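# Residue-level structure breakdown
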Amino acid sequence: MNWLHRQVTARPSALALQSAEQALNWSNLGTRVRRVAAALRGVGVQPNDRVAVLIEDNLQFAVTILAVGWLGATLIPLNRRLTDGEISWILQDIDPHLLVIDHTAGTRNIELADKPFVQVNELTLSLDCEPVDVDEHGVAVIMYTSGTTGPPKPVPLTWENIKASAAASAFNIGVHRDDVWLCVIPLYHIGGLSILYRGVLYGTATLILDRFDAGEVIAMLPRVTIVSLVPTMLHRLIQAGMEKQTDSRVRAVLLGGGPADQDAIAWCTARGLPVLQTYGMTEACSQVTTMPIDAVNDLPVDSPRWASAGLPVLGATISIRSSASQTVPAHTLGNIFVRGPMVTHGYLDRPTENSRRFVDGWFDTGDFGYVDEQGYLYVKVAGMTSLSQG
């Protein structure tokens, strides 16, 4: 099954993807994706080929991402904030079949060597291109970790990983037909990319902004129902006067990426805005734990559980272990291990790292924390980047 093709067929006139300036229904989005996919096929892209993408405009980035999936190829989204040398290193390491760039690449000094590339504005052929039925066990995307604990590592995520993550999120906060998920997290990050994929799987809309601007986000709140943020973003929204927006339809704010500002959470709670703290990582295709929305609605404002990152999402399991890899009791600080259908099976071509981090189906996150007697996770020391919105 090709997820996008299903939505194009089932909900052609429903809102699918929008930016501050444009809105596309599923039929319009399908047409744009087919054109880019046809052009990609015209330059030789086949199922399972690796296609790296370096694009500034997030709407065009999203269309290109979906076109890669339409062909059953493997996406490598490149972080445009990396240095030229870092991007050159990734391209050498992953050896993509094709690199898709935009006009901004001309201002950079990226070492392409013999890597074939194409400008995204050249991918405009109006040719018919039938979707590929993807193998759920096939690799949908390869994302590079931030490299904060060494060189970046390539994380292959399958369509099955993505579907499991989307199902877990839906189980926690539900899916409404009129949902619009605001994405201000970059699409080259798992927090942003997972939002786009979930919209395609659910058949709900995604509103993508190219950057975070507090005033612009506040203006968008009447148009969205779910928002994903990092704590600094939430703090800036409050400072910018978010309380003046009285027409908000937002039913959930997912908050991840670092220690949460408890005053900011209390501020939102007092105004009936559920803030769901979440903990996750690229290796787990986004969320590992998230505060249940019903628990937030019933939680006293003075409860210490507001400092928690929530319960394991559907399908995920957490184990807190000692340095000797023994499971420790509740409220005991230890290493956070995770497993579940959303977790990658291992880094690509990194056997030494895999033998150290992936043991008997468990992934050693490199982070530290503890769980309480009801299984709520408290992350105390982040040894790795643990940003997960969505």
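## Let's talk about the overall build of the protein
Each helix and strand in the protein was counted, giving 11 helices and 20 strands. Compactness check: the protein gives a C-alpha radius of gyration of 20 Å against a globular reference of 21 Å for 390 residues, within 12% of the reference. With the principal axes as the frame, the protein shows a C-alpha extent of 60 × 50 × 40 Å. Burial analysis of the protein (390 residues in total) assigns 59% to the buried set. For the protein, contacts bridging at least 24 residues in sequence account for 67% of all contacts bridging at least 6. Counting only carbon and sulfur atoms, one obtains 51% of the accessible surface of the protein, whose full area is about 16,100 Å².

## Some thoughts on the state of the cysteines
With the rule as written, the count across this model stands at zero disulfides. Cys285 takes part in no disulfide bond, and the closest cysteine sulfur, belonging to Cys183, lies 14 Å away. Overall, the relative accessible area of 3% leaves Cys285 in the buried class.

## Digging into the pattern of salt bridges
Counted by the stated rule, this structure contains 10 salt bridges. A salt bridge links Glu56 to Arg80, with the nearest nitrogen and oxygen atoms 3.3 Å apart. Residue Glu56 is found in the loop between β3 (50-54) and α3 (58-70), and its partner Arg80 is found in the loop between β4 (74-77) and α4 (84-94); the two are separated by 24 residues along the sequence. For Glu56, a relative accessible area of 32% gives the class partly exposed. For Arg80, a relative accessible area of 13% corresponds to the buried category.

## Comments concerning the side chain of Asp179
Following the sequence through the fold, Asp179 ends up in the loop between α5 (159-173) and β9 (180-183). The exposure class of Asp179 is buried, given its relative accessible area of 6%. Among the polar contacts made by the side chain of Asp179, one reaches the main-chain amide nitrogen of His176 at a distance of 2.9 Å. Leaving out residues up to four positions away in the same chain, Asp179 has contacts with Gly174, Thr204, Ala205, Thr225, Ile226 and Arg251.

## Comments concerning the nonpolar core
Within the largest apolar cluster, 126 residues are counted, with the highest numbers of intra-cluster contacts made by Leu4, Leu29, Leu40, Val100, Leu229, Met242 and Met342. With nine residues, α3 is the largest single contributor of residues to this core. Grouped together as the second largest cluster of nonpolar side chains are 15 residues, Ala52, Ala105, Ile110 and Ile142 included.

## Remarks on the packing of helix α1 (residues 3-10) against helix α6 (residues 190-202)
Viewed as axis vectors pointing N to C, α1 and α6 meet at an angle of 45 degrees, and their least axial separation amounts to 8 Å. Accordingly, the angle class assigned to the pair α1 and α6 is oblique. When you trace α1 past α6, the crossing you get is left-handed. Residues Trp3, Leu4 and Gln7 of α1 touch α6, and the partners they reach there are Tyr197, Val200, Leu201 and Tyr202.

## Concerning the environment of Cys129
Considering the arrangement of structural elements, one finds Cys129 in the loop between β6 (117-119) and β7 (139-144). In this structure Cys129 touches Arg34, Ala37, Ala38, Arg41, Trp70 and Leu71, once residues within four positions along its chain are discounted.

## What to know about helix α2 (residues 26-42)
With 17 residues, α2 extends 24 Å between its outermost C-alpha atoms, agreeing within 8% with the 24 Å of an ideal straight helix rising 1.5 Å per residue. Within α2 the residues assigned to the buried category are Trp26, Leu29, Gly30, Val33, Arg34, Val36, Ala37, Ala38, Ala39 and Leu40. Put simply, Asn25 is the residue that caps the front of α2, since its side-chain oxygen is 3.1 Å from the backbone nitrogen of Ser27. Just downstream of α2, Gly44 is the residue with a positive phi angle, here 105 degrees.

About the criteria used
- Residues numbered from 1 in each chain as written.
- Predicted model: local features only at pLDDT ≥ 70, side-chain atom pairs only at ≥ 80, totals over all residues.
- Heavy atoms only, no water.
- Helix = DSSP H or I, 4+ residues; strand = E, 2+ residues; numbered from the N terminus.
- Rg over C-alpha atoms; globule rule 2.2 N^0.38 Å.
- Buried < 20%, exposed > 50% of the residue type's maximum accessible area, 1.4 Å probe, protein only.
- Contact = heavy atoms within 4.5 Å.
- Areas by Shrake-Rupley, 256 points an atom, 1.4 Å probe, with all protein chains shown as cover.
- Disulfide = S-S within 2.5 Å.
- Salt bridge = Lys/Arg side-chain N within 4 Å of Asp/Glu carboxyl O.
- Polar contact = N/O pair within 3.5 Å; in protein donor to acceptor, adjacent residues only side chain to side chain.
- Core = buried A, V, L, I, M, F, W, Y, C linked by side-chain atoms within 4.5 Å.
- Axes fitted to C-alpha atoms, helices over the stretch in contact; angles between N-to-C directions.
- Parallel < 35°, antiparallel > 145°, perpendicular 65-115°, else oblique.
- Left-handed = near helix turned anticlockwise from the far one by under 90°.
- Expected span 1.5 Å × (residues − 1).

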